[in-house]
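Notes for the structure review
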Amino acid sequence: MNLPNIIRPEHTFIGVSAPTKWRALQTIADKAAKAFSVDGQTILKALEAREKLGSTGIGNGIAIPHAAIDGMTSPRGLLIRFAQPLDFEAIDDIATDIAFVLLFGENNRGEYLNVLSAIARQLQSDGVLAAMRKARTVDEFYSDFIADSRV
């Protein structure tokens, strides 16, 4: 799984402000709409519907909001670091500061699981999350996630 094909540098953001999970989803939908030329309300409704099934906050300050979006032909993502950690109703009750947003077409559900696995493997590498949290620029933040080695 080639994560740089799914989450690109230009779809990476740091310092994103959102007071609540629901406002964060709205901000995410707006950014995704611009990035992927898909209707923002369609994205927001899909993300909200998924979140109502159960929190996408997976713990350790990480959330992976995701949804199937009509018209998307391949999985695409955003990488976001919030300005302030927010309550994403994660399973460990730790506030979320980093979100991996994944959007995919109805026909790409299997591929989505592969992307989740690739993200999980990357996050298991020593120092990845710590480096991402210390990054001062968008380029550093993205590179810390994508790079194969950490200093």
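Refer to the preceding data block for the structure.
Definitions and limits used
- Here the residue numbering is sequential within each chain, running from 1 through the sequence in written order.
- Whole-chain, interface and lining totals are the exception, using all residues; otherwise, since this is a predicted model, local features are given only for residues with pLDDT of at least 70 and side-chain atom pairs are given and counted only at 80 or more.
- For side-chain calculations, the full set of non-hydrogen atoms in the structure is used, while hydrogens and water are omitted.
- Helix and strand definitions follow DSSP, with helices as H or I runs of at least four residues and strands as E runs of at least two, each counted in order from the N terminus.
- Note on method: radius of gyration uses C-alpha positions; expected globular size equals 2.2 Å times residues raised to 0.38.
- Each residue is placed in one exposure class: buried if its accessible area under a 1.4 Å probe, protein chains only, is under 20% of its type's maximum, exposed if it is over 50%, and partly exposed if it falls in between.
- Working rule for contacts: check all heavy atoms of both residues, and any pair within 4.5 Å makes them a contact.
- The Shrake-Rupley method, run with a 1.4 Å probe, gives the accessible areas here. Residue values count only the displayed protein chains as cover.
- A helix is expected to span 1.5 Å multiplied by its residue count minus one.
- Within this analysis, the arc is defined by the directions that extend from the helix axis to the C-beta atoms.

What to know about the overall build of the protein
Within the protein one finds six helices and six strands. If you list the helices and strands of the protein from N to C, you get α-β-α-α-β-β-β-β-β-α-α-α. For the protein, the C-alpha radius of gyration of 14 Å lies close to 15 Å, the compact-globule estimate for 151 residues. Projected onto its principal axes, the C-alpha positions of the protein cover 40 × 30 × 25 Å. Across the 151 residues that make up the protein, the buried fraction comes to 47%. Pairs at least 24 residues apart make up 70% of the contacts formed inside the protein by residues separated by at least 6 positions. A total of about 7,700 Å² of accessible surface is found on the protein, and carbon and sulfur atoms cover 47% of it.

Here we look at helix α4 (residues 109–124)
In this model α4 runs 23 Å from its N-terminal to its C-terminal C-alpha over 16 residues, within 8% of the 22 Å that 1.5 Å per residue would give. Of the residues making up α4, those classed as buried are Tyr112, Val115, Ala118, Ile119, Gln122 and Leu123. Take α4 and look down its axis: the buried residues cluster within an arc of 130 degrees, on one side only. Every exposed residue of α4 that faces more than 90 degrees away from the buried side is listed here: Leu113 and Gln124.

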